[in-house]
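# Chains, contacts and geometry: an overview
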Amino acid sequence: MKPIEYVPQRDGYGQGLLALCAQREDIVVLDADVAASTRTNWVRDQYPDKFYNLGISEQDLVGTAAGMSLGGLIPYVSTYGVFLSGRAFDQIRTTVCYNNLKVRFGGAHAGISVGPDGATHQALEDLALARVLPNMTVLAPCDSEETRKAVLAAADIDGPVYFRFGREAVPVITDEDTPFQLGKARLVREGTDCAVLACGAMVYEAMLAAQQLKQEGISLRVLDVHTIKPMDEAAICAAAADCGCLVTAEEHQIHAGLFGAVSEVAARRCPVPIEPVAIPDCFGQSGPPEALLEHYGLNAAGVRAAVLRAMDRRVRTEKV
């Protein structure tokens, strides 16, 4: 069996941008003085006429991108997700989304795994802020290869797009031939006892949990929900019907992210017990990424525990 390679998702983001710059004249890349961190320095070095550094001024970054979009370009805006979604929310909302402009937002260094940088730099609310905005497409790919595909696939979407990706190297669990379709959750593993709908690096943790639970006689379905908005409602309803209970797994606040999105669909169309694996309504701490993920239960053990809770609730519901 081939060993799993660990690669930062931002590498896939940079590779996707390089491919787009080589293919299209209308692509431009904007950064907020963190090009080495977002990998947009690769574009700066190979396509300097397509790269613009606006400095640490996120509102200007988004406003400039909006103007470029009105001029017929497709700007990819790149900086830390916590500052992009937070500091520039008004510009994203009113200037870009209200006018349905073709601006792409690369929210880097998302989640608790930013680690030692602490709560001020840990984007734990960005999915909530992005998905509440009309016209916005929201993507949270699982690894570097899926991030690359998402960058390429988003080029022709009508309207704004928000990408979410982390800083740390994560397992590469997809390859060039792995299917990727915007708005369509990817079935990673079949299962009938419970379904885990995961995004980002939590997809791998769900896969590990599925392997562990198999030894305990539990069949776990795993779905890679790389598109948070528009949500694949059909996949959620099918999982609910086949398994009778669901778990969501995300490196994000428990409120208004993937858990919120799935719960909204289930409440309207297919109500079943749902258990979340997420940050429990608190700010993060400073520490090594692995220690923080373990502390908040954002790992295979946390997924396994949530699956057992969901299955217990399903059984109790069936008895009522």
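Structure's up top.
Now for a look at the structure at hand. This one's a predicted model, so the numbers in the text were calculated from it and none came from an experiment. (Residues numbered from 1 in each chain as written. Predicted model: local features only at pLDDT ≥ 70, side-chain atom pairs only at ≥ 80, totals over all residues. Heavy atoms only, no water.)

## Topic: the sheet that holds strand β13 (residues 246-253)
Which entries qualify depends on this criterion: Think of it this way: DSSP has to see at least two bridges between two strands before they count as a pair. Strands here are runs of E lasting at least two residues and helices are runs of H or I lasting at least four, both read from the DSSP assignment and numbered beginning at the N terminus. For helices, the fitted line uses only the C-alpha atoms of the stretch in contact; every axis is such a line through C-alpha atoms, and the angle between N-to-C directions lies from 0 to 180 degrees. Contact between two residues is taken to exist if any of their heavy atoms lie within 4.5 Å; hydrogens are not considered.
What the five strands build is an open sheet, ordered β9-β11-β10-β13-β14; its pairing is mixed. A strand with exactly one partner marks an edge of an open sheet, and here the two such strands are β9 (186-189) and β14 (274-279). Each neighbouring strand pair of the sheet contributes to a mean axis angle of 25 degrees, computed without reference to strand direction. As judged from the four bridges shared by strand β10 (residues 194-198) and β13, these two strands associate in the parallel manner. When the sheet's bridge partners are listed, Ala198 is paired in β13 with Ala249. Contacts between helix α10 (residues 233-243) and the sheet are confined to β10, β11 (220-224) and β13, with β11 contributing the most and set at about 175 degrees to the helix.

## Section: the nonpolar core
The line we're drawing: The criterion is simple. A nonpolar core is a set of buried Ala, Val, Leu, Ile, Met, Phe, Trp, Tyr and Cys residues joined through side-chain atoms within 4.5 Å. Whether a residue is buried, partly exposed or exposed follows from its accessible area with a 1.4 Å probe, protein chains only, as a fraction of its type maximum: under 20%, in between, or over 50%, in that order.
Residues Ile92, Phe105, Met136, Met231, Ile236, Leu246 and Val262 are the most contacted members of the largest nonpolar core, which totals 47 residues. Sorting the residues of this core by element identifies β2 (27-31), α4 (58-70), α6 (89-97), α7 (126-131), β10, α10 and α11 (258-269) as the ones contributing at least two each. Residue contacts for Phe105: discarding those within four places in its chain leaves Val62, Val77, Leu84, Ile92, Val96, Met136, Pro160, Val161, Tyr162 and Phe163. Listed in part, the 29 residues of the second largest apolar core include Leu124, Ala198, Cys245 and Val277.

## Observations regarding the sheet that holds strand β7 (residues 161-164)
Spatially, seven strands are ordered β3-β2-β4-β5-β7-β6-β12 in an open sheet, and the strand pairing comes out mixed. Each end of this open sheet is capped by a strand with a single partner; those strands are β3 (51-53) and β12 (227-229). Direction aside, neighbouring strands of the sheet carry axes that sit 20 degrees apart on average. By the bridge criterion, three bridges tie strand β6 (residues 137-139) to β7 in an arrangement that is parallel. From the neighbouring strand, Thr137 faces β7, where its bridge partner is Val161.

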